[in-house]
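Reading the structure
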Amino acid sequence: MGRFKLILLGLCFGLSSSGLGQTNQLLITAEADPVGHYIDVTQEIVYYNSSTDTLDEIILLDWANSFSDKTSELGVRFAENFNNRFYFEKDKNRGRTQLQTLTDEADNSLSYNRPEVDLVRVELPQSLAPGASQTLKLNYRIILPDDRFTRFGYDSRNNLKLRYWYMAPAVYDGQWKAYSNKNLNDFYTTPFHVKVNFTAPANYKIISNLVTVTERNTADLTTTVLTGDNRTEVPLYVTRDFDFESVITDEFEVLTNLDDNKISPPLKALNIDRIIQFLKKELGPYPLEKMIISREDYKLSPVYGLNQLPDFISPFPDGFQYDMEQLKTITAKYLKNTLMLDPRKDHWLYGGIQVYLMMKYTDLYYPDMKIIGSLSNLWVIKWSHASDLEFNDQYELLYMNMVRNNLDQALTTSKDSLVKFNKNIASSYKAGVGFKFLEDYLDSDALAESIRSFYQQNLLKPTTSKAFADILEQRAALPVSWFFDEYVQTNVPIDFKIKRVRRMGDSLQVTVKNKTGVKVPVPLFGLDRDSIVYQTWIAPADSITRVTIPREGIRKLAVNYNRVVPEINNRNNYKNLKGLFNKPLEFRLFLDVEDPKYNQSFVMPVFDFNVYDGLSIGPKLYNKTVLPKNWNYRIQPRYGLKSKQIVGSASVVYTDYIQNSSLFAMRYGLSGATSSYNEGLNFRRYTPFITFSFRDSDNLRSNMRQTISLRNINIDRDEDPNIPLETPNYSVFNLQYTYSDNNLIDFYKGTFSYELSDQFSKISTTLEYRKLFLSNRQLNLRFFAGVFLFNDTPRDDDFFSFALDRPTDYLFDYDYYGRSDDAGIFSQQIIIAEGGFKSQLQPAFSDSWIATINASTNIWKWIFAYGDAGVIHNRDRGTQAVFDSGIRLSLVADYFEVFLPLYSSLGWEPSLGNYDQRIRFIVTLSPQTLFRLFTREWY
């Protein structure tokens, strides 16, 4: 029987090969050395010119070589995401392709070059006519990368996880779509026939999504012959630990190593089979024999949210997390292995169908699941609005996070131009939420039928999102062009408001304003408390729409009451027909999700610390929700446990976001604070301000920012009777311009500041530059210069002077824990500002002008050598030169650092005594500042 199977498989292979026609062929012979982390490959590529153009070149994707250079597209992408692991890794662990020969079918050498490190441009000796084929023969060695970079490569146990390990032709459709590897998992090729003859040590097993033809074993080696038709990827796992389970469904075999110890293998198999049957019903049959669902596939695109919590605190029922993980990963494979969309241009359609199907599956099998699972039943959480949200509400919530932060990008934005949060999460969620919006608007099965028809008509054929739009427009009974023209093509947010209601006999004339001009439909509801009395859809319009509806039984009107339209602001959607207020006031404990039916305020405990007040604790009253708002207020009185007095702060801020403009945000506000600045002495600060923020509107991935801020700082300080202050109260106008471009490889920042008070006026500039060289050497340079335009302060008072090492912070901008201390541990806190010196030298201040330069470079990893030099001028002392040097321990740059002075203008500092008091440190305790450290790579 086994021999008969082999003969039958061979016959089928022969027939399929003879009928391949215009299908490209990859014939690969590979021998792997898992311990040496390399694979020797002999490959034959038969490329068919299926276009109508005559070709003089063929471009091959060689993504294994994208790891070879820190300056490759992949290396640049890692650096943009502040991922320094790849940059600091040894060359031998990064991986590369060593291409030895490239010939034609007659073994004649072919000329080639690399337009990018992971692309091979082959020059053809003779032009390739439409319908003709060209054979390329290659010999190369793949040096595999460490799997820590992309989860694929070799792991710590010398198992091999291979994804884009072979060479394959790029797509030509009138032009070459030769995409470099940017860690976007968008290896773009046309479906090909593949045959792999793979040899590995005998103690290793080969896991693949291809059909195993033969497996031959010797004492030392195992050779496996694999084949497959209509493939776009050839993942292989070469492993000593066979941890993949085989699930034979009615449709095809699934090999998976996703695990969940809470459910049994039979239940896992039932879940997988249910998912596949669901996808078959919604899309159509999957045409391939096998599918691999690995941990690596899932972790590259996990189900974001609370179900990523550790198992022991997971709020979801047993099996739910496993079901969602498999659903997301299987759906992605189902679509990307069979729909030949351009993954950079039409990525949104992949993501939209995936999320739409996930939402549909959840509604079908988990209709009562909440976004926070069983936590919604806890008495401490049950009162919150978050406990009312359905599991599917997370998609709009996470997408709207980017809209509210003015970081939304059009769905048609190229995938490699998306900011990381949009690429990983928000873009697909936006598309999926849009499909649910469209389905509700059509009120029919037109969308589901269009997706099914699109899938079946374009199975394993090159296609576009335009083809999907054409199918939908044919099937829909209502116009749907708005969806593609407005929702898909633009990033302008949606916002509707009920502007006016007029009573007209037994009817109501309702005027609805489209505040942003995005022409999409919106539903209008007539309500009696929480009961829906009337509902209608308002057709797309870019400004004002008036509709007349029956008046009977309606106490309140609402647009988008069911939240099916993803609006940037749902708080202006309600209009009461009775009563004085549209929405009641609501107080809640702790941060919550926004409830547009209420005017919400929240209360939560906060704490702060300084030497004089000690630990101060108290309530914070604020209106900020999980999603940002334009208007924000914050009032936080605190009680100082040491000073035994009330301290705290308050602010009110309005942020005006501007779409698709280099001036993307304007902030207006007023803030105030009071606290102790010395033992028994308080300060009070009041500051009105306005800030203009600029960015590159054409490239949101760019970290370039420009800011212009104007503020007036008003300070009122208690006088110390023992040390009379010359200026206890003062007001300073400050104009500041800042340019910054914060990146891992090159960091630039420049600041110009102008200050004006009745006693002085001064200007200053700070220039910073950091460079990470290819040798892993890091250089940090900082220059500061400041000059008084006039200075009428007393000559013996340096309160407003430029500081060499520790500014007095008369504007109260810095988070000093002991701002007035001149001895003790808190006096050693340093904030790199003004002169930026680390040693405490004399003169410590300048009442005239100052110029300093600070430099450091790494000795080993996070250990740096630093040096500072400067010239400082005072009215009474003249000009003096100063310097210092030492060791900087940069545990987390700018957040946690220690400075150990060695040699300075004072001499050899370790020999001067009290050395422990000369050490300086940077410690950041502010949760908001630390949060920016962890989110900078996502936004």
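Numbers given for residues are sequential positions, taken from 1 along each chain in its written order. The predicted origin of the model limits local features to residues at a pLDDT of at least 70 and limits the giving and counting of side-chain atom pairs to 80 or more, whereas totals for whole chains, interfaces and linings rest on all residues. Note that water and hydrogens are dropped before the side-chain values are worked out from all heavy atoms of the structure.

**Structural notes on a positive patch on the surface**
Patch membership is restricted to residues that have no salt bridge and whose relative accessible area is over 30%. Joining uses 9 Å for like charges and 5 Å for the nonpolar side chains Val, Leu, Ile, Met, Phe, Trp and Tyr. All accessible areas in this document rest on Shrake-Rupley with a 1.4 Å probe, and a residue is counted as covered only by the protein chains that are shown. A carboxyl oxygen of Asp or Glu within 4 Å of a side-chain nitrogen of Lys or Arg is what we treat as a salt bridge. Residues scored as charged are limited to Lys and Arg (positive) and Asp and Glu (negative), so that His and the chain ends carry no count. Every charge is mapped onto a representative atom, which is NZ of Lys, CZ of Arg, CG of Asp or CD of Glu. On the surface, K497, K499, R500, R502, K513 and R546 cluster together to form a positively charged patch. Strands here mean DSSP runs of E at least two residues long; helices mean DSSP runs of H or I at least four residues long; both are numbered from the N terminus. Looking at the positive patch, the element that brings in the most residues is strand β21 (residues 496-504), giving 4 residues. As for its position among the elements, R500 is in strand β21.

**What to know about the packing of aromatic side chains**
Two aromatic rings, drawn from Phe, Tyr or Trp (for Trp, its six-membered ring), form a pair once their centres lie within 6.5 Å of each other, and the interplanar angle then sorts them: stacked below 30 degrees, edge-to-face above 60, tilted otherwise. Taken as a whole, this structure holds 63 aromatic pairs when the rule is applied. Between Y179 and Y188, the ring centres sit 6.0 Å apart and the planes meet at 15°, which makes this aromatic pair stacked. Throughout this description, buried means an accessible area under 20% of the type-specific maximum (1.4 Å probe, protein chains only), exposed means over 50%, and partly exposed covers the range between. By relative accessible area, which is 16% here, Y179 ends up buried. For the ring pair Y441 and W537, a centre distance of 5.4 Å and an interplane angle of 80° mean the geometry is edge-to-face. With Y441 in helix α10 (residues 420-442) and W537 in strand β24 (residues 531-538), the pair connects residues that are 96 residues apart, well separated along the chain. When the ring centre of Y322 is taken as origin, the NZ or CZ atom of K268, which lies over that ring, is 5.9 Å away. For a lysine, the NZ atom is tested; for an arginine, the CZ atom; a charge sits over a ring if that atom is within 6 Å of the ring centre and within 35 degrees of the ring normal.

**A closer look at the environment of P521**
Inspection of the secondary structure puts P521 in the loop between β22 (507-514) and β23 (522-528). Sequence spacing of P521 and W482 is 39 residues, and the spatial spacing of their C-alpha atoms is 8.4 Å.

**Thoughts on the nonpolar core**
With 105 residues, the main nonpolar core has L283, W348, F435, L438, F468, F483 and V510 as its most contacted residues. Every residue in contact with F483, bar those within four places of it in the chain, is listed here: W348, G434, F435, L438 and V488. Within this scheme, the nonpolar core is defined by two criteria: the residues are buried Ala, Val, Leu, Ile, Met, Phe, Trp, Tyr or Cys, and they are joined through side-chain atoms within 4.5 Å. Grouped together as the second largest cluster of nonpolar side chains are 52 residues, L55, A168, Y172 and A200 included. The contact criterion used is simple: two residues touch if any of their non-hydrogen atoms lie within 4.5 Å.

**A look at the sheet that holds β24**
Only strands that DSSP links by at least two bridges are regarded as paired with each other. With antiparallel pairing, 4 strands are arranged side by side in an open sheet as β24-β23-β26-β27. The open sheet has two edge strands with one neighbour each: β24 and β27 (574-576). Direction aside, the axes of adjacent strands within the sheet are offset by 15° on average. Note: strand β26 (residues 556-559) against β27, 3 bridges, orientation antiparallel. Each residue of the ladder has a partner; that of K556, found in β27, is N576. The axes are straight lines fitted to the C-alpha atoms, using for helices just the contacting stretch, and the angles between their N-to-C directions are given from 0 to 180°.

**Let's talk about empty space enclosed by the protein**
We place a 1 Å grid over just the protein atoms. Points where a 1.4 Å probe fits but has no way out form a cavity, open points with protein on both sides within 12 Å along at least 5 of 7 lines form a pocket, and any residue with an atom within 4 Å of a point lines it. Grid points are joined across faces, edges and corners, and a volume is the space filled by probe spheres set on the points. Inspection of the entire model under this criterion finds 6 cavities of 30 Å³ or more. Counted as a void, the largest cavity has a volume near 220 Å³. If you go around the largest cavity, you meet 17 residues; those closest to its centre are F67, T150, F152, R163 and Y164.

**Focus: the environment of T232**
Within the secondary structure, T232 sits in the loop between β16 (221-231) and β17 (236-239). In this structure T232 comes out as buried when scored by relative accessible area, which is 12%. Spatially, the C-alpha atom of T232 lies 5.0 Å from that of P191, the residues being 41 residues apart in sequence. Leave out the neighbours within four places in its chain, and T232 touches Y166, F187, T189, P191, F192, K336, N337 and M340.

**Quick notes on the pattern of salt bridges**
Tallied over the entire structure, the rule returns 58 salt bridges. One salt bridge in this structure joins D62 and R114, with 2.9 Å as the shortest N-O distance. Placement of D62 in the loop between β3 (55-61) and α2 (73-80) and of R114 in the loop between β5 (112-113) and β6 (119-128) is noted, with a sequence separation of 52 residues between them. Ionic pairing is found between K838 and D868, a salt bridge with its closest N-O pair at 3.2 Å. One end of the pair, K838, is in the loop between β40 (802-803) and β41 (845-846); the other, D868, is in strand β43 (residues 863-874), and 30 residues separate them in sequence. A relative accessible area of 6% places K838 in the buried class. A residue is classified by how much of its surface remains accessible, and D868, at 3% relative accessible area, is buried. Through salt bridges with shared partners, one network takes in E73, K182, D186, R344 and D416.

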